[in-house]
Protein chains: 2
Amino acid sequence: MTRWLDDREIGAWMRLASILELLPGALESQLRRDSDLSHFEYWVLSMLSEAPDRTLRMSELASRTNATLPRLSHVVQRLEDRGFIARVSCPSDRRATNAQLTEAGWDKVVQAAPGHVDNVRDLVVDRLTPEELEQLTAIGDRLLDRLSPCTKAWVTEYRRPTR
Amino acid sequence: MTRWLDDREIGAWMRLASILELLPGALESQLRRDSDLSHFEYWVLSMLSEAPDRTLRMSELASRTNATLPRLSHVVQRLEDRGFIARVSCPSDRRATNAQLTEAGWDKVVQAAPGHVDNVRDLVVDRLTPEELEQLTAIGDRLLDRLSPCTKAWVTEYRRPTR
DNA sequence: AGCGGATAGTTGCCGCAACAACCAATGCCA
DNA sequence: TGGCATTGGTTGTTGCGGCAACTATCCGCT
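Residues numbered from 1 in each chain as written. Chains lettered and ligands numbered in written order. Predicted model: local features only at pLDDT ≥ 70, side-chain atom pairs only at ≥ 80, totals over all residues.

Caption draft 1: Representation of the sheet that holds strand 3 (residues 97-101) of chain A. Residues and elements named next belong to chain A. Sheet architecture is open: three strands sit in the order 1-3-2, paired in antiparallel fashion. The open sheet has two edge strands, strand 1 (55-57) and strand 2 (85-89), and neither has a second partner. In this sheet, adjacent strand axes meet at a mean angle of 25° when their direction is disregarded. Two elements, strand 1 and strand 3, share three bridges in a ladder whose sense is antiparallel. Paired with R57 across the bridge in strand 3 is N98. Across the sheet, helix 2 (residues 39-50) touches strand 1 and strand 3, and the angle it forms with strand 3 is around 90°. (Pairing = 2+ DSSP bridges. Helix = DSSP H or I, 4+ residues; strand = E, 2+ residues; numbered from the N terminus. Axes fitted to C-alpha atoms, helices over the stretch in contact; angles between N-to-C directions. Contact = placed C-beta atoms within 7 Å.)

As structure tokens, then:
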């Protein structure tokens, strides 16, 4: 017996579904235009830029970017071809691969970050009051509990490194 | 001078970005598995099923599904090949095309809807309290104001048709 | 009437994502 | 130490989304 959505529930869901459809494109187009990066590529470079020694294992990088390993593998491949990342086989466990940000990759993030952050502010952060920002955080936690508990765990403890 | 994100802002943004990455996949996989439809295809069929005469102009359908016209055109093409939609050139304006849900298309929505709604409940609606649902609605409105005002207008006035 | 611009859609091409199949190294246990 | 399941990644194929170019119709103006 299906419980259909009532008007309140539908309202919330349609808004979320619309955002799901619209926001990625808005993020992509700025990054593509200004830095020739996809949002996902930016995320990958950004995570590496904050990691100790600018290096992460593929599987760790995958979990921090919410990607599957095959997807990440392809993306890292392309970023390596462009000279932003180097792949180093891990000596202690030779199945594993470490992805390391190159100097050029670091420069790329540094160049891309300001425009991207401006865009995120313009599209999201600055649209919301501090209360709404907190509400969004709480709502996000609820949804991530179901979608991917380990993502939630990692996001919850995340602190921006001091630059 | 870029204003970087502080810890609260980053927290909210990372949660939203993660949801952007994870939720679409979770929606897709249920629909693909149970009904061999993408989430976007479902949305298209669903909008048609609620329209008068089960018919909408391509451009109107595009705006209700937050799609570009080229994208919609491709998708409708495939749905037509599968027998779920018929395209009829509009007599009053022969540039325009009307997309109409066929009987088979109607049956498809009817068959797919319960599982999809269950999934939406499981992933989103039932994870949130009534207050959070209202907060999500308000936050969604704020973001849609910037992302796509006409989408917001349409979503705001939307009411589920009585079945 | 007829020309120019705007509107409505379609088509072709390219790039990325999902999935499955695959390979290689490791750990475990007989 | 040999066999086997597990883990960590990579590769190949397929299908969808985005963009740009194109066609066809309509509208306005002279």
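Caption draft 2: Representation of the protein's contact with DNA strand C within the structure. Residues in close proximity to DNA strand C total 25 residues, the closest being R94 of chain A together with M58, S59, P70 and S73 of chain B. Going through the elements one at a time, helix 4 (69-81) of chain A together with helix 1 (7-35), helix 3 (58-64) and helix 4 (69-81) of chain B are the ones with two or more residues in the surface near DNA strand C. Among the residues forming the surface near DNA strand C, the class breakdown is seven nonpolar, 10 polar and eight charged. (Near = placed C-beta within 6 Å. Nonpolar A, V, L, I, M, F, W, Y, C, P; charged D, E, K, R; others polar.)

Caption draft 3: Expanded view of unusual backbone geometry. Non-glycine residue D36 of chain A carries a positive phi angle of around 55°. Note that D36 of chain A resides in the loop between helix 1 (7-35) and helix 2. A positive phi is found at R54 of chain B, a non-glycine position, where the angle reads about 50°. Within the fold, R54 of chain B resides in the loop between helix 2 (39-50) and strand 1 (55-57). For R54 of chain B, a count of 20 C-beta atoms within 10 Å puts it in the buried group. (Buried ≥ 20, exposed ≤ 12 C-beta atoms within 10 Å, placed from the backbone.)

Caption draft 4: Structural detail: the relation of the copies chain B and chain A. Superposition record for chain B on chain A: RMSD 0.0 Å, screw rotation 180°, translation along axis 0.0 Å. Such a combination of rotation and displacement between the chain copies is what one expects of a two-fold axis. Across chain B, the smallest distance between a C-alpha and the rotation axis is recorded for L20 of chain B, namely 3.0 Å. Of the interface residues in chain B, 100% have counterparts in chain A that sit at the interface too, so the contact is made through matching surfaces. (Least-squares fit on C-alpha atoms with pLDDT ≥ 70 in both.)

Caption draft 5: Summary view of the protein's contact with DNA strand D. Taken together, the neighbourhood of DNA strand D is formed by 25 residues, with M58, S59, P70 and S73 of chain A together with P70 of chain B sitting nearest. Those elements that place two or more of their residues in the surface near DNA strand D are helix 1, helix 3 (58-64) and helix 4 of chain A together with helix 4 of chain B. Looking at the surface near DNA strand D residue by residue, the classes come out as seven nonpolar, 10 polar and eight charged.

Caption draft 6: Summary view of the nonpolar core. Counting residues in each nonpolar core, the largest one holds 76 residues, and the members touching the most others are W13 of chain A together with W13 of chain B. Each of domain 1 (27-112) and domain 2 (128-163) of chain B accounts for three or more of the residues forming this core. Residues in contact with W13 of chain B, not counting those within four places in the same chain, are V120, V124 and V125 of chain A together with L5 of chain B. (Core = buried A, V, L, I, M, F, W, Y, C linked by C-beta atoms within 7 Å. Domains from an automatic or database assignment.)

Caption draft 7: Highlighting helix 4 of chain B. Across its 13 residues, helix 4 of chain B extends 18 Å between first and last C-alpha, which sits within 8% of the 18 Å expected from 1.5 Å per residue. Elements in contact with the buried residues of helix 4 of chain B: helix 2, helix 3, strand 2 (85-89) and strand 3 (97-101) of chain B. (Expected span 1.5 Å × (residues − 1).)

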